[in-house]
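Chain by chain, the residues run as shown.
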Amino acid sequence: MFWDKDIECIDEEKLREIQLERLKTTIKRAYEKIPYYRKKFDEAQVSPDDIKKLEDIRKIPFTSKADLREVYPFGMFASPLSEIVEIHMSSGTTGRPIVAGYTLSDIEIWGEVMARCLTMAGTTKNDIVQVAYGYGLFTGGFGVHYGARKIGAMIVPASAGNTRRQIEIMRDFGTTILACTPSYALYMAEVAQEMGIEPTTLKLKAGCFGAEMWTEAMRTEIEKRFNLNAYNIYGLTEIIGPGVAHECSEKKGLHVFEDHFFVEVIDPDTGDPVSDGQRGELVLTTLTRQGMPMLRFRTRDITSIIRDKCACGRTFARIERIRGRTDDMIKVRGVMIFPYQIEKAILEVQGVEPHYQIIITRPQHLDEIEVMVEMSKETFSDEVKHIENLRRKLEKRIEDITGIRVKVTLVEPKSLPRSEGKAKRIVDKRSLHD
Amino acid sequence: MKIKQLSVFLENKRGRLYEALKALADSNINIRALSIADTSEFGILRMIVTDPEKAKEILEKNEFTVKLTNVIAMAVKDKPGGLAEALKYLYDANINIEYIYAFVEKSGEKAVVVLRTENLDKTISILQESNIKLLTWDDVLAL
C-alpha cells in the first residue's frame, strides 16, 4: 500500500534531480542562516556554490552530536524563533541534550513521511492506531501521531507505560495498529498473558517498532505472540524523529524517504563513502527541513545501503536493519566486528548468557584479538582436554561469525570488570599513534 | 567405591590457589589429597577433602567454578613397581587414564593413589578382580 505512489515510485533520474535542487537550497540556507555552519564551511574552505552535483556533498563537513551540543539550545535553527512552532529534545546521557526545532512546514513534512510509514504497515483511515511511544520531548509519540492524523485513522494517544491499561484499551477498542518500541511490545505480550488475555485474540494486524536496536529473532517472536506483521521504523531527533525510513511489506530493509533525506554510508574511521551493500556509519542530510537543516549528520548507526529494485515497486533506496553503533564497533585488520557477534558465538557454544571481554592489541604490525570468556558452571569440566576443546570451539565459532581469527582465554567467573552491572566489553590496547 | 573429588577452575593469576585453599582452611576443611593440572593459561585444582559438599558451597560463595567428580582411590604396595602393577591391569583391559595423583599421607605399607579413567565402573570391576584394594569413603576419612 502506498500513501503517495507517484513520489514513492518516482523515476530514479527524476528523484536525483529533485534531490540536487533541494540539497543546494538546504546547503545555501544553512550557510546563510546558521553562523555555526558558516564558520565550519569557511574553515573547510567550501562554499555553497561548490555544490554542482550530488557527489559534491562529500565536500561538506560532517555534523556530529558534539556540534549540536555546542550550539545548545537554539544555535542550529535556521528560522527565527517566531517561526518555530514545536521543540523536541533527545536526552543526552552524556553532556548537554540536543534540541530540535520545527516550523509549521517541518511538522507537515513529518506528518507526511510518517503517513507513508504507517501506510506501508497497512494503516488506513479505518484503523485504530495505538501510540505507545512516549509523548513529550521525545519525538516518538508525536511523530506517529502526526502521521496517523494525516491518514485520518483513529488515534489512541496512550503514550508509554501503564501497561495493563494499554492492553485493556487494545482489547476494548479493538486497536489494529500498534506503535511502540519492540521490547515494550514483548513486555506487553507478557503482561497480557498475566492478565489472562491471549495476545493473539487482540485485533492487532500490524506494528511499527523502532527507537531501539532489535533483531530478526525479536521480530519473529513479536509476530508470533500477537499474530501481527511487525515492521521496522527508523528515525532520530536530529533529523526529524521517526519517519526517516520504514520497511515495506517485503521486510527486506527500510526504504529511506529520499525526497526528504539524503542518505550516505561512510567508513567511520576515514569518512570516505563505502560501496553499496557494505556496512558503515549512516550519514543523513535533510533536504526539506526549514527550522533546523542538518548537513551530513553522523548518526553513529551502522547499516548498509541497498539500491537493488525492491519488489514492492518503491524506487527509494533501502538501508538494512541497524546493525550496531559505531561506539561499539571495532575494526580489526580492516574488518568491522561488533560485540554482539562475539556474544552470539559464545551463547551458541556455552548455552548461557556470556560474560566476556574483547582485548585488542597490536604486538607487531598485525592486530590481535583476545576474547576473555568467563567459564560457566555449566561448561566447566575437570579435564584439561575438555576445557581445551571448549576453547577451540569458541575460537572456531567466533571465526565463523566474524571472519576473524581470535584467541580465546577462559577466565574465572566474575573476574571480568563490571560497571553498573554492565561489563566493559572492549579494551583497545593498540597504540595507533606512535 | 567411587570417591567424590572437588575440582576447581583456576586462572593463572597470582594468589588464586592461596585464596581457594584459604577459604577451605577458614571453614576447617581438611585436604587429604591434592593435585594441579596446569596449562599455560589455566589450572585445574583437584582435591579430596573431608566434606566435599560443604567445600563446594564455600568455594562457590567465593566465586570459584567448582565441580564434584567421581574418582577411584586405590591402595598400592609402597615399593618399586607397586603402582605399575596396578596400572598393568588397566592397560591390558584397554582403559585410558584421564589423570592420576597420590595422596598426601600414606597408610602403613600402602600408598594411596587417586585415579580417574574414561570408564570408572569398568575400572572398579577390573581392579577388584585383580585384588587391588579400593578405598571407600570411610577409608578415605580414616586416613
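These numbers were taken from a predicted model, which means no experiment stands behind them.

### Details of the pattern of salt bridges
Tallied over the full model, the rule gives 52 salt bridges over all chains. For Lys22(B), the salt bridge identified is with Asp26(B), shortest N-O distance 3.0 Å. Here Asp26(B) and Lys22(B) lie together in helix H1 (residues 16-26), a separation of four residues that amounts to about one turn. With relative accessibility at 35%, the residue Lys22(B) sits in the partly exposed group. Given a relative accessible area of 56%, Asp26(B) falls into the exposed group. For Asp139(B), the salt bridge identified is with Lys133(B), shortest N-O distance 3.5 Å. Looking at Asp139(B), the relative accessible area reads 27%, which means it is partly exposed. Owing to a relative accessible area of 44%, Lys133(B) belongs among the partly exposed residues under this scheme. One salt-bridge network, in which partners are shared between bridges, spans Glu12(A), Arg16(A), Glu258(A), Asp276(A) and Arg307(A).

### A few points about a nonpolar patch on the surface
A surface patch of nonpolar side chains, about 350 Å² in accessible area, is lined by Phe74(A), Leu81(A), Ile87(A) and Leu137(A). Relative to the elements of secondary structure, Ile87(A) occurs in strand S1 (residues 84-90).

### Description of the side chain of Glu86(A)
Residues and elements named next belong to chain A. Tracing the backbone through its elements, the reader meets Glu 86 in strand S1. Although buried, Glu 86 forms no salt bridge, and the nearest oppositely charged side chain, Arg 149, lies 7.7 Å from it. One polar contact links Glu 86 to His 88, side chain to side chain, over a distance of 2.5 Å. One polar contact links Glu 86 to Tyr 146, side chain to side chain, over a distance of 2.5 Å. In contact with Glu 86, other than residues within four places in its own chain, are Ala 100, Gly 101, Tyr 102, Ile 107, Trp 110, Phe 142 and Tyr 146.

### Re the domain arrangement of chain B
Residue and element names in this part refer to chain B. Here the domain parsing of chain B yields domain 1 (2-70) and domain 2 (71-142). Each of domain 1 and domain 2 has a C-alpha centre, and the two are 22 Å apart. On the domain 2 side, the residues contacting the 16 residues of domain 1 number 18 residues. Where domain 1 abuts domain 2, roughly 1,500 Å² becomes buried across the two surfaces, and 60% of that area is made up of carbon and sulfur atoms. If you sort the residues of domain 1 by the area they bury against domain 2, Lys 2, Ile 3 and Arg 32 come out on top, with a joint share of 44%. Counting across the interface, domain 1 meets domain 2 through one salt bridge. With a shortest N-O distance of 2.9 Å, Asp 121 and Lys 2 are connected by a salt bridge. Within the side of domain 1 that touches domain 2, the residues separate by chemical class into seven nonpolar, five polar and four charged.

### Overview of the sheet that holds strand S19 (residues 368-374) of chain A
Backbone hydrogen bonds hold the strands of a sheet together, and the pairing may be parallel or antiparallel. Residues and elements named next belong to chain A. Taking strand neighbours across the sheet as the criterion, the four strands line up as S20-S19-S18-S23 in an open arrangement whose pairing is mixed. Only two strands of the sheet have a single partner each, and these edge strands are strand S20 (407-411) and strand S23 (426-428). Each neighbouring strand pair of the sheet contributes to a mean axis angle of 20°, computed without reference to strand direction. Strand direction decides the pairing type here: S19 and S20, joined by five bridges, are parallel. If you follow Val 371 over to S20, its bridge partner there is Val 408. Of the strands in this sheet, strand S18 (356-361), S19 and S23 are in contact with helix H10 (residues 339-350), which crosses S18 at around 130°. Sitting on the sheet, helix H11 (residues 384-402) touches S19 and S20, and the angle it makes with S20 is about 135°.

### Looking at the packing of helix H5 (residues 104-120) of chain A against helix H6 (residues 139-151) of chain A
If you want to describe how two helices pack, look at the angle between their axes and the distance between the axes. All names here are of chain A. Direction vectors running N to C along H5 and H6 enclose 75°, while the axes themselves pass 7 Å from each other. The pairing of H5 with H6 is recorded here as roughly perpendicular in orientation. Here H5 contributes Ile 107, Glu 108, Trp 110, Gly 111, Glu 112, Met 114, Ala 115, Leu 118 and Thr 119 to the contact with H6, which in turn contributes Thr 139, Phe 142, Gly 143, Val 144, Tyr 146, Gly 147, Ala 148, Lys 150 and Ile 151.

### A closer look at the interface of chain B and chain A
Each partner contributes to the interface: chain B provides 24 residues, whereas chain A provides 21 residues. Both sides together, the interface formed by chain B and chain A hides about 1,800 Å², and carbon and sulfur atoms give 54% of it. In terms of surface lost to chain A, no three residues of chain B exceed Phe9(B), Glu41(B) and Thr65(B), which account for 32% of the buried area on that side. Summed over the shared surface of chain B and chain A, the result is six salt bridges. Residues Lys385(A) and Glu98(B) are paired through a salt bridge, measuring 3.0 Å at the closest nitrogen-oxygen approach.

### Things to note about a negative patch on the surface
Among the surface-exposed residues, Asp11(A), Glu13(A), Glu17(A) and Glu21(A) lie close enough to one another that they form a single negatively charged patch. Here Glu17(A) lies in helix H2 (residues 12-33).

Rules and cut-offs
- Residues numbered from 1 in each chain as written.
- Chains lettered and ligands numbered in written order.
- Predicted model: local features only at pLDDT ≥ 70, side-chain atom pairs only at ≥ 80, totals over all residues.
- Heavy atoms only, no water.
- Salt bridge = Lys/Arg side-chain N within 4 Å of Asp/Glu carboxyl O.
- Helix = DSSP H or I, 4+ residues; strand = E, 2+ residues; numbered from the N terminus.
- Buried < 20%, exposed > 50% of the residue type's maximum accessible area, 1.4 Å probe, protein only.
- Patch = residues over 30% accessible without salt bridge, like charges linked within 9 Å, V, L, I, M, F, W, Y side chains within 5 Å.
- Areas by Shrake-Rupley, 256 points an atom, 1.4 Å probe, with all protein chains shown as cover.
- Lys, Arg positive; Asp, Glu negative; His and termini not counted.
- Polar contact = N/O pair within 3.5 Å; in protein donor to acceptor, adjacent residues only side chain to side chain.
- Contact = heavy atoms within 4.5 Å.
- Domains from an automatic or database assignment.
- Buried area = accessible area lost by both parts, 1.4 Å probe.
- Nonpolar A, V, L, I, M, F, W, Y, C, P; charged D, E, K, R; others polar.
- Pairing = 2+ DSSP bridges.
- Axes fitted to C-alpha atoms, helices over the stretch in contact; angles between N-to-C directions.
- Parallel < 35°, antiparallel > 145°, perpendicular 65-115°, else oblique.
- Charge placed at Lys NZ, Arg CZ, Asp CG, Glu CD.

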